[in-house]
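Summary of the model geometry
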Amino acid sequence: MFDNDVVPRTPLPARPLPARPVAASVELLHQAADGVRGAGREHAAPRRLALAHLAALRGAAAVLAARARPGSGGGPRDAWALLGSVAPELGEWARFFAGWSPGRGASRPVSARDADDMVRQVEQFLILAEVAVRGAGPRSRPGTDPGQRSVGGRSGAPLGGAPGG
């Protein structure tokens, strides 16, 4: 077929990473915000906690999409471990949410308080995820700019048994 001397082996040029958040990151932030709002409306505590945790995972995915570099790391890792390495300022949050991941802490009984606390934690985390994606403070306060969707909520460290709380 082909002789190695005839077919040049030229590496593909590396694509420069965008300076602004990629559309996928912004869309994931929107999905996460929608998800945490939906979690807040859910009546069953285990489902409310699971939906909130999924919203946090989407927020983490948004940060990873914006910051992770292709080929970085030493093989497959879960999103929370990867988040702590590409966004060290979110490391405590990553450890907190990893503790609630399926197969770790999610099998324990979930109280209404656990679920409510998780929804509040995710609201706070999504603000910080938005800051990490956009590289600056949130674009607008919730409800102040009808043309701009923002995740809203409070910032800070995880509450109730979480690091820093």
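**Some details on the overall build of the chain**
- Looking only at helices and strands, one finds five helices and zero strands in the chain.
- Going from N to C terminus, the chain has its helices and strands arranged as α-α-α-α-α.
- A buried classification covers 33% of the 165 residues belonging to the chain.
- Sequence-distant contacts, at least 24 apart, represent 66% of the contacts inside the chain between residues at least 6 apart.

**Things to note about the confidence of the model for the chain**
- The predicted model of the chain averages 75 in pLDDT, with 62% of residues at 70 or higher.
- Confidence over residues 1-18 falls short of pLDDT 50; this stretch has three contacts with residues more than four positions distant or in other chains.
- pLDDT under 50 marks residues 159-165. Its contacts with residues more than four places away, or in other chains, come to 13 contacts.

**Here we look at the environment of L126**
- Mapped onto the fold, L126 is located in helix 5 (residues 112-134).
- By relative accessible area, L126 is classed as buried at 1%.
- Separated by 97 residues in sequence, L126 and L29 place their C-alpha atoms 7.4 Å apart.

**A few points about the pattern of salt bridges**
- With the rule as written, the count across this model stands at seven salt bridges.
- Here D116 and R48 are joined by a salt bridge, their closest N and O atoms 3.1 Å apart. With D116 in helix 5 and R48 in helix 2 (residues 45-67), this residue pair connects regions lying 68 residues apart in the sequence.
- Residue R120 is joined to D117 by a salt bridge in which the shortest nitrogen-to-oxygen separation is 2.3 Å. Residue R120 and its partner D117 are located together in helix 5, separated by three residues, close to a single helical turn.
- Each of the salt bridges in this network shares a partner with another, and the network as a whole consists of R113, D117 and R120.

Reading the values: rules and limits
- Residues numbered from 1 in each chain as written.
- Predicted model: local features only at pLDDT ≥ 70, side-chain atom pairs only at ≥ 80, totals over all residues.
- Heavy atoms only, no water.
- Helix = DSSP H or I, 4+ residues; strand = E, 2+ residues; numbered from the N terminus.
- Buried < 20%, exposed > 50% of the residue type's maximum accessible area, 1.4 Å probe, protein only.
- Contact = heavy atoms within 4.5 Å.
- pLDDT = per-residue confidence, 0-100.
- Salt bridge = Lys/Arg side-chain N within 4 Å of Asp/Glu carboxyl O.

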